[in-house]
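The primary structure of each chain is shown beneath.
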There are 2 protein chains.
Amino acid sequence: MTQFEEYAKLLVEVGVNIQKGQNLVISSPVDCAWFVRLCAKAAYDAGCREVINCWDDDELSREKGLRAADDVFDTVPAWRVDMLTGYARGGAAFLRIAAEDPENLKGVDPDRLLRLRRASGKALEEYRRLTMTNAVAWSIGSIPIPSWARKVFPGRVEEESMEKLWDAIFAAVRVTGDGKAVERWREHTAAIQERVEKLNALNLESLHYTNSLGTDLTVRLPEGHLWAGGASRTKGGVPFIANMPTEEIFTAPLRNGVDGVVYASMPLSEDGNLVDKFYMVVKEGKIVEVHAETGEETLKAGISVDEGASYFGEVALVPYDSPISNQKLLYYNTLFDENASCHLAFGEAYSECIRGGESMTPEELKAHGLNSSITHVDFMVGTADLRITGRTRDGREVPVFIDGNFAL
Amino acid sequence: MTQFEEYAKLLVEVGVNIQKGQNLVISSPVDCAWFVRLCAKAAYDAGCREVINCWDDDELSREKGLRAADDVFDTVPAWRVDMLTGYARGGAAFLRIAAEDPENLKGVDPDRLLRLRRASGKALEEYRRLTMTNAVAWSIGSIPIPSWARKVFPGRVEEESMEKLWDAIFAAVRVTGDGKAVERWREHTAAIQERVEKLNALNLESLHYTNSLGTDLTVRLPEGHLWAGGASRTKGGVPFIANMPTEEIFTAPLRNGVDGVVYASMPLSEDGNLVDKFYMVVKEGKIVEVHAETGEETLKAGISVDEGASYFGEVALVPYDSPISNQKLLYYNTLFDENASCHLAFGEAYSECIRGGESMTPEELKAHGLNSSITHVDFMVGTADLRITGRTRDGREVPVFIDGNFAL
C-alpha cells in the first residue's frame, strides 16, 4: 500500500468512517481526481453503496467570479441545494478534499463574494445544520496542488514545492506508509480525549487571554458547555473525525460574553483572499471594530454575512508546542493552521459543545447562549507567550495556558 | 491564439453559438478540465451569463459499474434530472466534450448498464426531447485522452499517440491555428447545405443499399421527410452545429419501412463496450435478429432499451471519399466514425427531419412515421463499394451513391 492509498483509506475509514450500504459524497477540485479515485476505491472496499462526486475548479471559479453576469451571485441553483440536502437527509457521509490557491479570488468584486456567501448560507441552511449538529458524518482532508504548494514553499521548482507540502501533510496526518495510521489515530484521539475530560471537569466560567501582541480578551462560557475534540459521533453513534489533521480541543463561547481586544497571530485565507495583520475589538460578544493591514474589506465582509457572523462560535485550544505547530509552516489553509494554533471562530457554534445540544432546536441552542450564523470562520490567536487563565464557577483562578502551552 | 484556443472558440462560437446573457452547460471528463477552462473563457468572451460544469470520470464510472450497490442502477438522482432539464427549459446551451476509453465498461454487468440506460432515458426524457427537437442549442466535440489515444494509435508511447490523435482531430475539425476556422466552417456548412437541397428536391420514396459485405436493405422515407446537415437552428432561430466534426447529411426513415439485411462496416463503442463484426436482419422496420462476433450481448441490450430501440431513427450519408474517411482511421468514437461513413441509427428520430416536425407533439411525429425511443445509437454501414439507389415518388430510379460516393 502506497502512502497515498493509506491516506485515502484513513480519510474514508477513520475520517468519515463509511458504513456498509452508506452513500459517500466526495467534494474535490478536478485536479485532485487521481486521489479521489483512491478514496472511491477505499470506500467501495468498505462496502459503500455509491460514491457521488461534487467537483470544483479554482480557475473556473475565478473566471466566474470575474466575468459571469452580476445576478449569478444572488442565488444558488435549486439542484445543488437538493443534491447536498438530499444526500444529507438520506444519511450519506461527506468527504471534502480541500485544496485551493489561497488567493484564488483576489481581485474579484468582494460584494459578489458576500452576496454569494449569503445566498448559499441561506439556501444550504438545512444541509449546514445537518453537518454542524453531526446528524451526518463528515470529514475534511487536503492534498497539495501546485498553486497552493507554491504559496507555502515559494521560490522553488514546482515538483519540490509539491513534494515538501506532501511531506508536511503526511507528517501532520500521521501517514508514513507503514499501514499503521489507523492505530496511530486511535492513540491520538484518546490523548485528545484526556484533555477534553480534564477541561470539562473544571467547569470553567470564563477564559482570559493575554499576550505580547496586545490581546486582552475575556471569553465567558455557557453553563453546561462541553469541550470536544478528536472523534465526534453522529446521532446514530458512528464515530468520525471532522478534520484531518486535528489537534484542537474546542467549545462554544457564550454569545454575549466576549469582551476586549484580540490580535490574529497568522494570516487568514478567506473566500479566496488573504487577510493579514489584523485585530478585533469585541463588546458583549459583538465584533465592533476590525483593523487589517491586508484584506480589511474581505474581513469586514466576512463578519457581515449575517447578524451572527459578528459574534463568536468557537474557542479552540492548541498547544504552541504541538506537532503541526512545530513544523513552523504557514499553510494558508485553515485545516492545518487551526491545528497549529489556539484559535477563535466567528459565526455558528457547534451543537455538540453544549450538554444535549445535538437534539436541541436552533431556538433552544440560542437560549443556551450559542451563536447561530450561516458562516463559521476560524482565525488564529496562539503565540509563544499566550497566557490563558480560567475562572471556575466557584471563583477559583486556574492557569489553562502558560507560555503558549497547556498548564493543566 | 493557439490551436487549442482556436478550437475552444470554434466549439463555443460556432458549435453551440453562445448568445449574450445565455447560460452554457459544459459536460466533460475531469481530465479535460484544462480544455474546459479554454471553452469557459471563450464563452465569457462572447458574453455568456454563467458557465455551469457537469463532470464525469471513466475510472470512477468503472468502479461504480463494478462495485456500487445493485439498486444504484435503477434510478437517476432527481437533482441531476432537475439540473439538466432546468437549464434546458431556461434556454441554456449544452456543450459536451466527449472523450472516453472505448472499452471503459468492459466486464461490467450488462444488465446494470441496461437498467441504468432505461432509468436515465425515462428520467431525462424532457431534457432529451428539448435537445432532439432543437429547442436548445447543443454541440458535441472531442479532445484526446490517453486511454482513447492508445486505442486509436496503439503500440506507441503515450505522448506520440496523444499527439497523433490531436493532429487527426484538428484536421477533422478544420482547426489549423491560423484563426480562420470560423470562415472555413461557414464554407463547409454551405457545401453540405447544397447537398441537402439536391436530395430534398428529389423527394425520394425509398433508398436501396447494397454492397459486397452482404448488405441488401430497403429504407422507405416518410412523406414530407427533410434531409438536414451542417448547421441546425434552434426554435428561436439561432444556428448551431450539433456535432463537430460533421460531414453527414441525414434524414429519418419511415418507422415500419425498413426491410432486409445490413452489415456494419466498423466496430461500435456502445456503453463502454466494443461491438464488432455485426449484422442485423430487419422486418417492417423492426430489428428481428442481430449477430456480432464481439459484444453481441451489448448490442442486444442496446436494441432492447425500449420498444423504439429496435426500430430505426436516422439514415445518414457520408461519401467514402471525404476528409475524415480519407484519414483511414478507426476512432472508436461515434462523433468521428459516423462522419467517415454512411450510417444508420436505431432509436429516436430527429424532429427536424420532417416538415414542421419541430413544433409537432411526440404523437404527431409518430403519426408521420418517425420513430421514438429513449436511445439513439449510430452504427456505420459505408464501404468503398456501397451502392444506394433512390426511388422517387413518381417511380424513377436515381443513383444516390455509386462505389461509396455521391452520384448526384
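Residues numbered from 1 in each chain as written. Chains lettered and ligands numbered in written order. Predicted model: local features only at pLDDT ≥ 70, side-chain atom pairs only at ≥ 80, totals over all residues. Heavy atoms only, no water.

A.B. asks: When you look at helix H5 (residues 110-123) of chain B in this model, what are you seeing that I'm missing?
C.D. replies: Counting along an α-helix, one turn takes 3.6 residues, and residues three or four places apart therefore face a common direction. All names here are of chain B. Relative to the 20 Å expected for 14 residues at 1.5 Å per residue, H5 spans 20 Å between its end C-alpha atoms, a close match to the ideal helical length. The set of residues buried in H5 consists of Arg112, Leu113, Leu114, Arg115, Ala119 and Gly121. Those residues of H5 hidden inside the fold are in contact with helix H3 (58-67), helix H6 (125-132), strand E13 (273-283) and helix H10 (296-302). Near the N-terminus of H5, the side chain that reaches the backbone nitrogen of Asp111, with its oxygen 2.9 Å away, is that of Asp109. (Helix = DSSP H or I, 4+ residues; strand = E, 2+ residues; numbered from the N terminus. Expected span 1.5 Å × (residues − 1). Buried < 20%, exposed > 50% of the residue type's maximum accessible area, 1.4 Å probe, protein only. Contact = heavy atoms within 4.5 Å. Polar contact = N/O pair within 3.5 Å; in protein donor to acceptor, adjacent residues only side chain to side chain.)

A.B. asks: Whenever I open this one, the interface of chain A and chain B confuses me. Can you help?
C.D. replies: Where interface size is given, it is often the accessible area lost as the parts come together that is meant. Taken together, the contact pairs 30 residues of chain A with 29 residues of chain B. Both faces considered, chain A and chain B share a buried interface measuring about 2,900 Å² in area, 57% of it formed by carbon and sulfur atoms. Across the contact surface, chain A and chain B share 14 salt bridges. Arg37(A) is paired through a salt bridge with Asp57(B); the nearest N and O atoms lie 2.6 Å apart. Our count for the chain A to chain B interface comes out at 16 residue pairs in polar contact (both at pLDDT 80 or more). Mapped by element, the contributors of at least two residues to the side of chain A that touches chain B are helix H2 (33-45), strand E2 (51-56), helix H3 (58-67) and helix H4 (78-89) of chain A. Counting residues per element, the side of chain A that touches chain B draws most heavily on H2(A), which supplies seven residues. (Buried area = accessible area lost by both parts, 1.4 Å probe. Salt bridge = Lys/Arg side-chain N within 4 Å of Asp/Glu carboxyl O.)

A.B. asks: Please clarify how the sheet that holds strand E17 (residues 376-380) of chain B should be interpreted in this entry.
C.D. replies: Neighbouring strands of a sheet are bound in pairs by backbone hydrogen bonds; such pairs are parallel or else antiparallel. Residues and elements named next belong to chain B. Strand order in the open sheet formed by five strands is E7-E10-E15-E16-E17, with antiparallel pairing between adjacent strands. The open sheet is flanked by strand E7 (228-229) and E17, the only strands paired with a single partner. Summarising the sheet, strand E15 (residues 312-317) and strand E16 (residues 343-347) pair through four bridges and their orientation is antiparallel. By the bridge assignment for E16, Glu314 is matched with Ala345. (Pairing = 2+ DSSP bridges.)

A.B. asks: Any chance you could explain the relation of the copies chain A and chain B here in plain terms?
C.D. replies: Two chain copies, one operation linking them: a rotation about an axis together with a shift along it. Turning chain A through 180° and shifting it by 0.0 Å along the axis lays it on chain B, with an RMSD of 0.0 Å. Classification of the inter-copy transformation places it as that of a two-fold axis. Ranked by how close their C-alpha atoms come to the rotation axis, the residues of chain A are headed by Trp79(A), at 2.4 Å. The share of interface residues of chain A whose copies in chain B are also at the interface is 97%, consistent with both copies meeting through the same surface. (Least-squares fit on C-alpha atoms with pLDDT ≥ 70 in both.)

A.B. asks: Help me understand the packing of helix H1 (residues 3-15) of chain B against helix H8 (residues 158-172) of chain B in this model?
C.D. replies: The relative placement of two packed helices is expressed as an angle between their axes plus a distance between the axes. Residues and elements named next belong to chain B. For the pair H1 and H8, interaxial distance at closest approach is 12 Å and the crossing angle is 45°. When the interaxial angle is binned, H1 and H8 end up oblique. Between H1 and H8 lies a crossing of left-handed hand. Here Gln3, Phe4 and Tyr7 of H1 lie close against H8, whose contacting residues are Trp166, Ile169 and Phe170. Residue composition of the contact of H1 with H8, by class: five nonpolar, one polar and no charged. (Axes fitted to C-alpha atoms, helices over the stretch in contact; angles between N-to-C directions. Parallel < 35°, antiparallel > 145°, perpendicular 65-115°, else oblique. Left-handed = near helix turned anticlockwise from the far one by under 90°. Nonpolar A, V, L, I, M, F, W, Y, C, P; charged D, E, K, R; others polar.)

A.B. asks: Would you explain the environment of Leu365(B) in this entry?
C.D. replies: Residues and elements named next belong to chain B. Mapped onto the fold, Leu365 is located in helix H13 (residues 362-367). For Leu365, a relative accessible area of 10% puts it in the buried group. Put simply, Leu365 and Ala349 are 16 residues apart on the chain and 9.1 Å apart in space, counted from C-alpha to C-alpha. Apart from the residues lying within four places of it in its own chain, the contact partners of Leu365 are Ser351, Ile354, Gly357, Met360 and Leu370.

A.B. asks: Can you help me understand unusual backbone geometry in this one?
C.D. replies: Peptide bonds are, in most cases, trans, and in most cases residues other than glycine have a negative phi. Pro245(A) follows Met244(A) through a cis peptide bond whose omega is 10°. Assignment of secondary structure puts Pro245(A) in the loop between strand E9 (239-240) and strand E10 (249-251). Of note, the phi angle at Lys328(A) is positive, near 50°, even though the residue is not glycine. Tracing the backbone through its elements, the reader meets Lys328(A) in the loop between helix H11 (323-326) and helix H12 (334-337). Here the phi dihedral of Arg174(B) falls at roughly 65°; this positive angle occurs in a residue that is not glycine. Locating Arg174(B) in the fold gives a position in the loop between H8 and helix H9 (181-202).

A.B. asks: Quick question: what am I supposed to make of the side chain of Ser373(B) here?
C.D. replies: Residues and elements named next belong to chain B. With respect to the helices, strands and loops of the structure, Ser373 is situated in the loop between H13 and E17. Classification of Ser373 by relative accessible area gives buried; the value is 2%. A polar contact of 2.8 Å, which involves the side chain of Ser373, links it to the side chain of Asp306. Engagement of the side chain of Ser373 in a polar contact is seen with the backbone nitrogen of Thr375, the distance being 2.9 Å. Beyond its immediate chain neighbours, meaning those up to four positions away, Ser373 contacts Arg128, Asp306, Gly308, Ala309, Gly347 and Glu348.

A.B. asks: Would you mind going over the packing of aromatic side chains with me for this structure?
C.D. replies: Centre-to-centre distance and the angle between the planes together describe a pair of aromatic rings. Residue and element names in this part refer to chain B. In total, this model carries 39 aromatic pairs over all chains according to the counting rule given. Summarising the aromatic geometry, the rings of Phe312 and Phe379 are spaced 6.3 Å apart at their centres and angled 45° between planes, so their arrangement reads as tilted. Here the residue Phe312 occupies a position in strand E15, and Phe379 occupies one in strand E17, the gap between them amounting to 67 residues. Here Phe312 matches Phe379 in class, with each residue buried. (Phe/Tyr/Trp six-rings, centres within 6.5 Å; stacked < 30°, edge-to-face > 60°.)

A.B. asks: Can you walk me through the pairing of strand E17 (residues 376-380) of chain A in this structure?
C.D. replies: Residue and element names in this part refer to chain A. With four of five residues buried, E17 lies mostly within the body of the structure. Examined bridge by bridge, strand E16 (residues 343-347) and E17 share five bridges and lie antiparallel to one another. What sits directly across from His343, in E17, is Met380.

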